[in-house]
Amino acid sequence: MRVLFIPAAVSSHHYPMVSLAWGFRSAGHEVYVAGQPPVVDSVVSTGLTAVPVGAAYDLLGGITAAADQVRAETGEGPAPTGDLSAMSPAARHRYAELRTAPHVRAAAAMAADLTGLARHWAPDLVVSDPITMVAPLVAGVAGAPLVHHLWGPQPTSLPKFPGYGAPLERWPLELLRLYREHGVTPRERHGIATVDPGPASLQPASVPDRIAARYMCYNGPGALPDWLLAPPSRPRVVISWLTANTLTDTAAEHPVAALARAIGRLDVEVVVTVRAADRAALDIAQDRVRVVQDLPLNALMPGCAVAVNHGGTGTALTAACHGVPQVIAPYNPGLSLNAEALGASGAAIALPAASFDPQAVADAVATVLADEVYAKAADTLRAENQAQPTPIDVVRTIEDMIHSEATA
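Anyway, here's the lowdown on the structure attached to this text. (Residues numbered from 1 in each chain as written. Predicted model: local features only at pLDDT ≥ 70, side-chain atom pairs only at ≥ 80, totals over all residues. Heavy atoms only, no water.)

1. Focus on the overall build of the chain
Rules: Helical segments are the DSSP runs of H or I of at least four residues, strand segments are the runs of E of at least two, and each set is numbered from the N terminus. Atoms counted for the radius of gyration: C-alpha only. Globule rule: 2.2 Å times residue count to the power 0.38. Relative accessible area decides the class of each residue, using a 1.4 Å probe on protein chains only: under 20% of the type maximum gives buried, over 50% gives exposed, and in between gives partly exposed. In what follows, residue pairs with any heavy atoms lying within 4.5 Å of each other are defined as contacts. In this description, accessible areas are obtained by the Shrake-Rupley approach with a 1.4 Å probe, and a residue is regarded as covered only by the protein chains that are shown. In this charge count, Lys and Arg are treated as positive and Asp and Glu as negative; neither His nor the chain ends contribute. Taken as the charge centre is NZ of Lys, CZ of Arg, CG of Asp or CD of Glu, depending on the residue.
From N to C terminus, the chain includes 13 helices and 13 strands. For 408 residues, the compact-globule estimate of 2.2 N^0.38 gives 22 Å, and the C-alpha radius of gyration of the chain, at 21 Å, lies within 12% of that figure. The buried share of the chain, reckoned over its 408 residues, is 52%. By sequence separation, contacts in the chain at least 24 residues apart represent 63% of the contacts at least 6 residues apart. Split by element, the accessible area of the chain, about 17300 Å² in all, is 52% carbon and sulfur. Where the 27 positive side-chain charges of the chain centre and where its 37 negative ones centre are 1 Å apart.

Written out as structure tokens, the structure is:
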């Protein structure tokens, strides 16, 4: 088969798909990954074939601009942490509309390139995450089945996305017109299945036509440093933060530096992982604190006693895959879903969103180190994930589904 993957324009949505894309390659299928410019380099770095599309629009820039626009229109807006609770219902509704519009514009920007690819390359299968609104259109033009691919626990807002459960009367008019321009009939649900990677116990929602899958940790390429080959002399605590936006302009001190200072007072070895672009902004000079840049978390996580993070899906699930207990401080309330799911599993201490307190994080790290119940729960979570179907198993399941539909 020819299999077309279409991730959203951010590496954190592409990385969870990498193992399945290689699963299809390993099974003998041809794979292309089509994406907007921000994701192309990460696709190429995985050894997969990238097809740049939709260069005319910046999805993340459009999403960021929504906050400024709702403030200009209503005088209200989300807090710096993303909290919407102080906004009036009318302002929240308008903000939701403005947050949806960039996804529609991204679909429009990609449509011409992708429909041309669909007609000329003729994929037999399209795999995309549910927020990429153009994917059902592309599958329709190609006459190919669509399989959705989650990136972790399903947010409650996801079934409201067009093509993944939203009633047609709630589709944006611009998106309906785009589908009709290309001769594709909009439907409430377009996918034949949804790949759900990770432990089922962390999934709080009902996933339509779910295909269970093992979460395979992929955090980008990197080289393993010598010091990771030896066991640490003290419990190793890894601190990681947002891959999409490590820096914050509103904090008096970089949150990672504040965490390193507080946790560094414990009798532990602290490893702080950051992107190269952010390294200069960190002023950390403490004993037993090591700063590393662009080191994949899946290489660093083995041997760690505690993982401290913001609750991002890739980070939290990478720790879960390795059986590492966590302390999660969701700097953005939107990440509370992951924090709550991991906290409920017993494998993490989830701190309240929007109340970032480095000392509270350090105290939670001390608690996790002192009580083995967290490590046991994390190991249970690791075993649950390991019991999920491998990428090759998922490929075979999808192959069987397509064969059954073709012969029905």
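2. Focus on the pattern of salt bridges
A side chain of one charge can pair with a side chain of the opposite charge when the charged atoms of the two come close. Rules: We count a salt bridge whenever a side-chain nitrogen from Lys or Arg sits within 4 Å of a carboxyl oxygen from Asp or Glu.
All told, the structure shown has nine salt bridges when counted by the stated rule. Between Glu 97 and Arg 94 there is a salt bridge, with its nearest N and O atoms 3.1 Å apart. Here Glu 97 and its partner Arg 94 are both found in helix H4 (residues 89-121), three residues apart, which amounts to about one turn of the helix. The class of Glu 97 is partly exposed, set by a relative accessible area of 40%. Residue class for Arg 94 comes out partly exposed when judged on its relative accessible area of 26%.

3. Overview of the packing of helix H1 (residues 11-26) against helix H2 (residues 37-45)
Two measures define how a pair of helices packs: the angle their axes make with one another and the distance between the axes. Threshold: Inter-axis angles, ranging from 0 to 180 degrees, are taken between N-to-C directions of lines fitted to C-alpha atoms, where helices are fitted over the stretch in contact. Oblique is the label for every angle not falling under 35 degrees (roughly parallel), over 145 degrees (roughly antiparallel), or within 65 to 115 degrees (roughly perpendicular). Each crossing gets its handedness from the near helix: less than a right angle anticlockwise from the far helix is left-handed, clockwise is right-handed. Under the scheme applied, nonpolar residues are Ala, Val, Leu, Ile, Met, Phe, Trp, Tyr, Cys and Pro; charged residues are Asp, Glu, Lys and Arg; polar residues are all the others, including Gly.
Packing of H1 against H2 brings their axes to within 9 Å, and their N-to-C directions diverge by 30°. Viewed along their axes, H1 and H2 adopt a mutual orientation that is roughly parallel. As for how H1 packs across H2, the hand of that crossing is right-handed. Taken together, the residues of H2 that come into contact with H1 (itself represented by Ser 11, His 14 and Tyr 15) are Val 39, Ser 42 and Val 43. A per-class count over the contact of H1 with H2 returns three nonpolar, three polar and no charged.

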